[in-house]
Amino acid sequence: MEGAERARFERPTLIILDLFMPHRSGFEVLDELQADENTRNIPVVIQTSKLLSEADCERLASRPAAVLPKGSKERLHAFTIIRTILGESHLFNGEPEFATSGVS
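Figured I'd write up the structure that's included with this text. Keep in mind that what you see is a predicted model, and the values were worked out from it rather than measured.

### Considerations on the pattern of salt bridges
For the structure on display, the rule yields 5 salt bridges. Arg8 is the partner of Asp36 in a salt bridge, and the nearest nitrogen-oxygen pair spans 3.6 Å. Highlighted residues: Asp36 in the loop between α2 (26-35) and β2 (44-48) and Arg8 in helix α1 (residues 3-10), separated in sequence by 28 residues. Since its relative accessible area comes to 16%, Asp36 is described here as buried. In this structure Arg8 comes out as partly exposed when scored by relative accessible area, which is 27%. Several salt bridges share partner residues, and in doing so they unite Arg8, Arg24, Glu32 and Asp36 into one network.

Now the structure itself:
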């Protein structure tokens, strides 16, 4: 199942999307999500290693909730952005490296 189709079916609270994927561009997926009334209001965080051109930035101007560069140094910043979008109650407390999934 493709990501946009899966989003229509599962209706996630947030989508993290890379702009460069093997078979489709993230721009195409973003356009598809935006065109569908069932997915257009789902916040999208773009996480990419690409330096965005002015044209890329214009294309993304009003769509994603945030654009974050890839990299381990940016991980805490990414979690801060996601917490801001979703609110604290949706996420664990503490540092991502030390989070547990309920296993003792």
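### Here's the deal with α2
Listed as buried for α2 are Gly26, Phe27, Val29, Leu30 and Leu33. Along the axis of α2, the buried residues cluster in a sector spanning 160°; they form a single face. Along its buried surface, α2 packs onto α1, β1 (15-17), β2 and α3 (54-60).

Cut-offs and rules
- Residues numbered from 1 in each chain as written.
- Predicted model: local features only at pLDDT ≥ 70, side-chain atom pairs only at ≥ 80, totals over all residues.
- Heavy atoms only, no water.
- Salt bridge = Lys/Arg side-chain N within 4 Å of Asp/Glu carboxyl O.
- Helix = DSSP H or I, 4+ residues; strand = E, 2+ residues; numbered from the N terminus.
- Buried < 20%, exposed > 50% of the residue type's maximum accessible area, 1.4 Å probe, protein only.
- Arc of directions from axis to C-beta.
- Contact = heavy atoms within 4.5 Å.

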